[in-house]
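# Structural features, examined
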Amino acid sequence: MQDYNYSTPGYYFVTICTCGRKNILSQIIGDSIPHLQLTKYGKIAEQELLSVPMRYENVEINKYIIMPNHIHLIIRITERINPFPTKKHDISNIIGKYKAAVTRNVGNAFMHSAKQKIWQRSFHDHVIRGEKDYQKIWQYIDTNHLKWKEDCFYNSETEAVL
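Described below are features of the structure shown in this document. Source: prediction; values computed, not measured.

### As for the overall build of the chain
- The secondary structure content of the chain amounts to three helices and six strands.
- Ordered by position in the sequence, the α and β elements of the chain form the string β-β-β-α-β-β-α-β-α.
- A globule of 162 residues ought to have a C-alpha radius of gyration of about 15 Å, and the chain, at 16 Å, matches this closely.
- Each principal axis of the C-alpha distribution contributes one length, and for the chain these read about 45 × 40 × 25 Å.
- Taking all 162 residues of the chain together, 41% fall into the buried category.
- Taking the contacts inside the chain whose residues are at least 6 apart along the sequence as the reference set, 69% of them involve residues at least 24 apart.
- Roughly 9,400 Å² of accessible area belongs to the chain as shown, and the carbon and sulfur atoms make up 52% of that amount.
- Here the chain carries 21 positive and 16 negative side-chain charges, and the mean point of each set is 6 Å from the other.

Below you can see the structure in the form of structure tokens.
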């Protein structure tokens, strides 16, 4: 939203896509009961996602799913404990640092150039407005992998398991 302060305490629904929407983060296994299997890149993405709250004192990851070519998450920003934080706590900064850390760690782990593009530029965000909106998004994240072929981010191209 234009002119919105994205460091305001609240809940945010964020979607981060891979560059070219390549299926490099996970695979969906099984037809009757589909489940996600993270790739090596996906495991690094998850590890970095889980470390976000350790880097920011007032940031929580409430829910997430790592799909083949995108990540959905609910981020909660709470009131700052330290009135003079050393790190900027807005959604854009948090996501930018997250994407950079994943790119760097993938490069280190697999001897790729740190300039290798893993992520699409920018990200999608939605300010969650109330409990009903929160529950709807939570349910969407919970069931996203079950409806993969109907997903707007679906890409039938298969990538090698990384």
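### Comments concerning the packing of aromatic side chains
- Summed over the entire model, instances satisfying the criterion amount to seven aromatic pairs.
- Seen from their ring centres, Tyr98 and Trp119 are 6.1 Å apart, and the 45° between their planes marks the pair as tilted. Of the two residues, Tyr98 sits in helix α2 (residues 91-110) while Trp119 sits in the loop between α2 and β6 (124-127), which places them 21 residues apart along the sequence. The burial state of Tyr98 is the same as that of Trp119; both residues are buried.
- Here Tyr134 and Trp138 contribute two aromatic rings whose centre-to-centre distance is 5.9 Å and whose plane-to-plane angle is 35°, an arrangement assigned as tilted. Residue Tyr134 and its partner Trp138 are located together in helix α3 (residues 131-143), separated by four residues, close to a single helical turn.
- Taking relative accessible area as the criterion, Tyr134 reaches 14% and is therefore assigned buried.
- A network of ring pairs unites the aromatic residues Tyr4, Tyr6 and Tyr12 as a single cluster.

### Quick notes on the state of the cysteines
- Enumeration according to the criterion identifies zero disulfides in this entry.
- Of all cysteine sulfurs, the one in Cys17 lies closest to Cys19, which takes part in no disulfide; the gap is 11 Å.
- Judged by its relative accessible area of 28%, Cys19 falls in the partly exposed class.

Quick notes on the rules
- Residues numbered from 1 in each chain as written.
- Predicted model: local features only at pLDDT ≥ 70, side-chain atom pairs only at ≥ 80, totals over all residues.
- Heavy atoms only, no water.
- Helix = DSSP H or I, 4+ residues; strand = E, 2+ residues; numbered from the N terminus.
- Rg over C-alpha atoms; globule rule 2.2 N^0.38 Å.
- Buried < 20%, exposed > 50% of the residue type's maximum accessible area, 1.4 Å probe, protein only.
- Contact = heavy atoms within 4.5 Å.
- Areas by Shrake-Rupley, 256 points an atom, 1.4 Å probe, with all protein chains shown as cover.
- Lys, Arg positive; Asp, Glu negative; His and termini not counted.
- Charge placed at Lys NZ, Arg CZ, Asp CG, Glu CD.
- Phe/Tyr/Trp six-rings, centres within 6.5 Å; stacked < 30°, edge-to-face > 60°.
- Disulfide = S-S within 2.5 Å.

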